Amino acid sequence: MKQKLLYIGTALPLVILICIVGFIYGVYVHTFLLPRLHGEHPHLPIKQITLIELNDYVFEGKYALIAAILHYFLLVFFITLYRVVNTNPGHVPTQWLQKINSEIQQYIQTENNLIKKSQNSHTSTSFSSEIDEEQRQQLNLRAKIELIDKQGRRFCKNCSAFKPKRCHHCRQCKTCWLKMDHHCQWLNNCIGLMNYKFFINLLVYGCLTLGFIIVTYSRTYYETLYSHASDGKLFLVSFILLYVSFLGINNQFIRAILSNITTLEFCEAKETGPSKSAYENFTDVFGHSPLVWVLPIQPDIEIDLD
């Protein structure tokens, strides 16, 4: 029962996000798109045109195109949402762990040889014959960690395993992710190396969809603002605040990509990745093909672990 409640609790923000998108879509279609597609909106004579009503004449007769564009934005938004939620953020590769284990075994073998040599010569006080097996294992473990750390290796105490640079442990996922950016409660998943592009695509698609609605819906905003409907004004204010929030978040993450820094590294003031140009940092995330940039497609990602 406790596990079920925990699962529901973690999935609830994602459900709320989908409901918000559905609500905005429903209001837009019901109050703007359908009346115009059905010809229920009155056609204004040219002499009555004001600046705020100009968009009615710009989009006059193009409402089918508006509907197509809107549904395209929503389609790629939900495809990207599915991919960012269901894509593994990036486990530590098995080959890298095997490489580290090989190095560890070499260090342990070297330390064991030193212990045997010291015991045979009886000239060492550090490795005397009084050291039992358990103490010897602890000593070997400390020596192993010390030697690995001197090479810049990092050890996760929670996973009891070594992890590459820029890899972080997520307490909610209970695992280490490559180039972890943050754990997103709204998406019920961590954002890491393998789904970071999808996350940025999702933000951009969301911002484009909201911006498209604002542009085509502007006269309705004007009418709502000067009406006596308090619920309409509340929706208007909430919608604008949501759009401004999307713009701010997009700006934050685009700057982070160009600077090659993750959210965790920024918050903890840690050392970032290698110094590159803004374009190189961008292509590290989005790839080199402009078509891949704008579609929810995974580019070829080069994993730099050492």
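Residues numbered from 1 in each chain as written. Predicted model: local features only at pLDDT ≥ 70, side-chain atom pairs only at ≥ 80, totals over all residues. Heavy atoms only, no water.

Draft legend 1. Fine view of empty space enclosed by the protein. Scanning all chains against the criterion turns up two cavities of 30 Å³ or more. Space inside the largest cavity adds up to approximately 80 Å³. Within the residue set of the lining of the largest cavity, elements represented by two or more residues are α8 (230–259) and α10 (278–286). The class makeup of the residues in the lining of the largest cavity is five nonpolar, four polar and two charged. (1 Å grid on protein atoms, 1.4 Å probe; cavity = no way out; pocket = protein on both sides within 12 Å on 5 of 7 lines; lining within 4 Å. Points joined across faces, edges and corners; volume = space filled by probe spheres on them. Helix = DSSP H or I, 4+ residues; strand = E, 2+ residues; numbered from the N terminus. Nonpolar A, V, L, I, M, F, W, Y, C, P; charged D, E, K, R; others polar.)

Draft legend 2. Representation of the packing of aromatic side chains. This structure, assessed with the given rule, holds seven aromatic pairs. Here the aromatic rings of Tyr-72 and Phe-73 are separated by 6.1 Å at their centres, their planes lie at 50 degrees, and the arrangement is tilted. For Phe-73, a relative accessible area of 16% gives the class buried. The interplanar angle of 75 degrees and the centroid separation of 5.9 Å between the aromatic rings of Phe-73 and Phe-212 together place this pair among those described as edge-to-face. Of this pair, Phe-73 sits in helix α3 (residues 63–86) while Phe-212 is found in helix α6 (residues 196–216), placing the two residues 139 residues apart along the sequence. Residue Phe-73 shares its accessibility class with Phe-212, and that shared class is buried. Taken together, the ring pairs in this structure connect Tyr-72, Phe-73 and Phe-212 into an aromatic cluster. (Phe/Tyr/Trp six-rings, centres within 6.5 Å; stacked < 30°, edge-to-face > 60°. Buried < 20%, exposed > 50% of the residue type's maximum accessible area, 1.4 Å probe, protein only.)

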